[in-house]
Amino acid sequence: MNGSSQRLVLIAVAIAIVVTLYEMGQSFRPAVCPECGHCRALAEQEVQTQEHLAREYARRVGLDDENDENDDRRID
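Quick look at the structure, then.

Cut-offs applied
- Residues numbered from 1 in each chain as written.
- Predicted model: local features only at pLDDT ≥ 70, side-chain atom pairs only at ≥ 80, totals over all residues.
- Heavy atoms only, no water.
- Helix = DSSP H or I, 4+ residues; strand = E, 2+ residues; numbered from the N terminus.
- Buried < 20%, exposed > 50% of the residue type's maximum accessible area, 1.4 Å probe, protein only.
- Salt bridge = Lys/Arg side-chain N within 4 Å of Asp/Glu carboxyl O.
- Patch = residues over 30% accessible without salt bridge, like charges linked within 9 Å, V, L, I, M, F, W, Y side chains within 5 Å.
- Areas by Shrake-Rupley, 256 points an atom, 1.4 Å probe, with all protein chains shown as cover.
- Expected span 1.5 Å × (residues − 1).

So, the overall build of the protein
(1) Moving on: Across its full length, the protein carries 2 helices and 0 strands.
(2) Moving on: Relative to its full complement of 76 residues, the protein shows a buried share of 3%.

Spelled out as structure tokens, the structure:
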């Protein structure tokens, strides 16, 4: 193999390793279904956590006016 094809093979192997690591990480996460009460509770908890983090960030940065209707940080 010449230098160019070796470089392509190395890049392909690196991409395959990254994809494999990503898929392995995804396999450790539990499956989530919209019907299950447990999964809905987890989703609600995640929403509450994100809202709390957004409020804390806004407070620290000085954007804690909660009555601001033009606030684009929330995605509804």
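Alright, that's what it looks like, and here's the rest.
Looking at the pattern of salt bridges
(1) Moving on: On inspection of all chains with the given rule, the structure shows 1 salt bridge.
(2) Moving on: Note that Arg-59 is salt-bridged to Glu-56, the shortest N-O span being 2.7 Å. Of this pair, Arg-59 and Glu-56 both sit in helix α2 (residues 37-61), separated by 3 residues, roughly a single helical turn.

Quick look at a nonpolar patch on the surface
(1) Moving on: Side chains of Val-9, Val-13, Ile-17, Leu-21, Met-24 and Phe-28 sit close together on the surface and give an oily, nonpolar patch of about 610 Å² of accessible area.
(2) Moving on: If you trace the backbone, Leu-21 turns up in helix α1 (residues 3-28).

Here's the deal with α2
(1) Moving on: Taking 1.5 Å of rise per residue, the 25 residues of α2 would be expected to cover 36 Å, and the 36 Å separating its terminal C-alpha atoms lies within 8% of that figure.
(2) Moving on: One or two residues past the end of α2 sits Gly-62, with phi positive at roughly 95°.

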